[in-house]
Amino acid sequence: MRRAVLLLAPGLLGVPSVPEAAPRNLPDEIIVTATRYPTPALEFAGNTARVDADRIDLLNATHIHEVGTQVPGVWLSRGTGQEHLTAIRSPVLTGPGSCGSFLILEDGIPIRPTGFCNVNELFELPSEQATAIEVIRGPGTALYGSNAVHGTLNALLPEPGGRGIAVSGESGPNRFVRGKILVSTPGGNAGPTGDDSGFIGGLLFDHDGGFRDESDYRQAKGFLKYATTLDTGRLELGFSGNVLDQETAGFILGEDSYRDEAIRLTNPNPESYRDANAQRLSARWQPATNTTDSGWDVIGFLRRSDMDFLQHFLLGQPTEKNGQTSGGVTLLRYFATGKARVTAGFDVEIASGYLEEFQSNPEVGNPPRPPGLHYDYDAWQWLASPYAQAEYPLGERLTLTGGLRLEWLRYDYDNNMLAGNTRDDGTPCTPDCLFNRPADRSDSFTNVAPNIGINYRPGEHTAVYATLTRGFRAPQAAELYRLQAGQDAADLDAESIDSLEVGWRWQSPHLQVESAAFAMRKQDYVLQDSNRFNVSNGESEHVGVDLGGRRSSKKKMYASLAATWAKQTYAFSQ
């Protein structure tokens, strides 16, 4: 059992602390991710789930998996240390492009560039100190682009405002120790609300010795925000980052070996490790001329990440190093025209990524995995995407929503070693080596994604909706340029998914319930075939039902439910 202590300075506003109990009344749920502006959940045509600060504090999670279990349709499989694999209305996807099926955001900004995701990237989020985590299951609307195929997850960090400091610490089995601090100071030029400027920052450090041999990790996460209100508008600056130093535990082998304590506590790969760090910087400008019905949001961001780890799960156990540096701008315009509310925007993103794979062990396997460099490449990514979405009331209780997004993405790939199927010194392999390096090339992808939805309010507490949405993702750089066997080029298409969904919501002061039924079909699914070629001719079908609820009582009792039934099916026979 973990042991915790908490020190809390009074007067801390806008900073979550350990709650005494759940609130007596559940507040009307306000969401921001799905529409990019605060809106009541009952007025949104589509599914959404929100894990608020009270539940985040109550969970006090040591791994993002624990938060994922609070959301219907979400399963974040915990791996060793802080590793994980993601499933949102999908199977648990694996492989170099699997993370491309999920869009991970921090305050509405993707934490990675479109073509350089990582399957473990959720450990980069300071989710332990978030004020809310919102999830959209299935493809996103036109307001979000590539990678919002099976789902979108957005961590919302605390906003500046108030004064105070919160410090907590805890310890537990296997040499677990964790400390958190959250500090908020007001600014001297608050806006009309009197409480929307100043600094807020959080820092977390934890260490876990692991229950298996040589399986400990150390990590630090933090964020800092500054906001000020000027005569010309409001400026908000944000920074977040993480460092992870992990000793990774490998797979134990043998049927029912997990039942044998002498085996399950061992680590067959004590030499394995994962070292990673990431930083993100953002700026947001809202002109003073903005009103509730009309205005601009201008968002700029810079990101970088590096990772170095031993691929203990592969023959030869090569070491991989990868990283990216990226930046972009989002111009967002919202306005009312007649009865309709329109949100339109333009996203621009530029990224430079690299990947190296080196094997120090002797040659092994068939096809051979030779020692030396296997891959060494750089790739530039360029992305531009205009989009628009409108909400139009068809009556007092009925609202129609429609949107369209156009996205263009280009890669410029540069191979830094010999092209083809050879050892790194140019000598041929007999038989052919496993690894194949394409020659320098460029690839581009253009996608168009519409969505339409309708929301009906039969009563004060109830909403019924139906949506038809298309999601897509361009291939990841690793799927295009990290090839094997005799494949000299991967001519891949972008994946697309079409989703039909119907849902129902109920909200009252003490009860919130949401259910949804969905049917999705994914085309041009990228996979590796039996020849070890990366191809994009797969298809899959996904059907299911989600159910979620929260209940509170006058006696301050609290309960929640997250349930899903789903069936995932390959729809091709190659």
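Going by the structure above, here's the rest.
Residues numbered from 1 in each chain as written. Predicted model: local features only at pLDDT ≥ 70, side-chain atom pairs only at ≥ 80, totals over all residues. Heavy atoms only, no water.

Caption draft 1: A look at unusual backbone geometry. A cis amide bond, omega 5°, links Asn366 with the succeeding residue Pro367. The topology assignment puts Pro367 in the loop between β19 (340-359) and β20 (372-393). Thr430 connects to Pro431 through a cis peptide bond whose omega is -5°. If you trace the backbone, Pro431 turns up in the loop between β21 (398-415) and β22 (435-436). In this model, Asp107 sits at a positive phi of 50°, which is unusual for a non-glycine residue. Inspection of the secondary structure puts Asp107 in the loop between β7 (102-106) and β8 (109-110). (Helix = DSSP H or I, 4+ residues; strand = E, 2+ residues; numbered from the N terminus.)

Caption draft 2: A nonpolar patch on the surface, seen in detail. On the surface, a nonpolar cluster with roughly 770 Å² of combined accessible area is contributed by Trp296, Val329, Leu331, Phe346, Val348, Ile350, Trp380, Trp382 and Trp408. Elements that contribute at least two residues to the nonpolar patch include exactly β18 (319-337), β19 and β20. Mapping Trp408 onto the fold places it in strand β21. (Patch = residues over 30% accessible without salt bridge, like charges linked within 9 Å, V, L, I, M, F, W, Y side chains within 5 Å. Areas by Shrake-Rupley, 256 points an atom, 1.4 Å probe, with all protein chains shown as cover. Salt bridge = Lys/Arg side-chain N within 4 Å of Asp/Glu carboxyl O.)

Caption draft 3: Up close: the environment of Gln317. The residue Gln317 is located in the loop between β17 (295-310) and β18 in this model. In sequence terms Gln317 and Arg369 are 52 residues apart; their C-alpha atoms lie 9.5 Å from each other. Those residues in contact with Gln317, other than ones at most four positions away along the chain, are Asn269, Glu271, Leu310, Gln311, His312 and Asn361. Within the structure, the side chain of Gln317 is placed 3.1 Å from the side chain of Glu271, a separation counted as a polar contact. (Contact = heavy atoms within 4.5 Å. Polar contact = N/O pair within 3.5 Å; in protein donor to acceptor, adjacent residues only side chain to side chain.)

Caption draft 4: Representation of the sheet that holds β7 in the model. Spatial ordering of the open sheet is given by β4-β9-β10-β7-β8, a layout of 5 strands whose pairing is mixed. For this open sheet the edge positions go to β4 (49-52) and β8, each flanked by a neighbour on one side alone. Across 2 bridges, β7 lies against β8 in antiparallel orientation. When the sheet's bridge partners are listed, Glu106 is paired in β8 with Ile109. (Pairing = 2+ DSSP bridges.)

Caption draft 5: Highlighting the environment of Leu468. Examined against the element boundaries, Leu468 turns out to sit in strand β24 (residues 462-473). When the C-alpha atoms of Leu468 and Phe518 are compared, they prove to be 9.9 Å apart, with 50 residues separating the residues in sequence. Setting aside residues up to four positions removed in sequence, Leu468 forms contacts with Pro450, Asn451, Ile452, Ser499 and Leu500.

Caption draft 6: Fine view of the pairing of strand β16 (residues 273-287). Of the pairings in the sheet, the one linking strand β15 (residues 233-247) to β16 comprises 15 bridges and is antiparallel in character. Opposite Glu236, over in β16, you have Arg284 as the bridge partner. For β16 and β17, the ladder comprises 12 bridges, and the chain directions are antiparallel. If you follow Ala276 over to β17, its bridge partner there is Met307.

Caption draft 7: Layout of the state of the cysteines. Summed over all chains, the structure comprises 2 disulfides. Between the sulfur atoms of Cys99 and its disulfide partner Cys117 the distance amounts to 2.0 Å. One quick way to see it: the torsion about the S-S bond of Cys99 and Cys117 is about 70°, and its sign makes the bridge right-handed. Of the two residues, Cys99 sits in the loop between β6 (84-88) and β7 while Cys117 sits in the loop between β8 and β9 (132-137), which places them 18 residues apart along the sequence. Cys117 gets classed as buried once you look at its relative accessible area, which sits at 14%. Each sulfur of the disulfide joining Cys429 and Cys433 lies 1.4 Å from the other. Note on accessibility: Cys429 and Cys433 belong to one class, buried. Across the protein chain, the disulfide pattern expressed with sequentially numbered bonded cysteines is 1-2, 3-4. (Disulfide = S-S within 2.5 Å. Buried < 20%, exposed > 50% of the residue type's maximum accessible area, 1.4 Å probe, protein only.)

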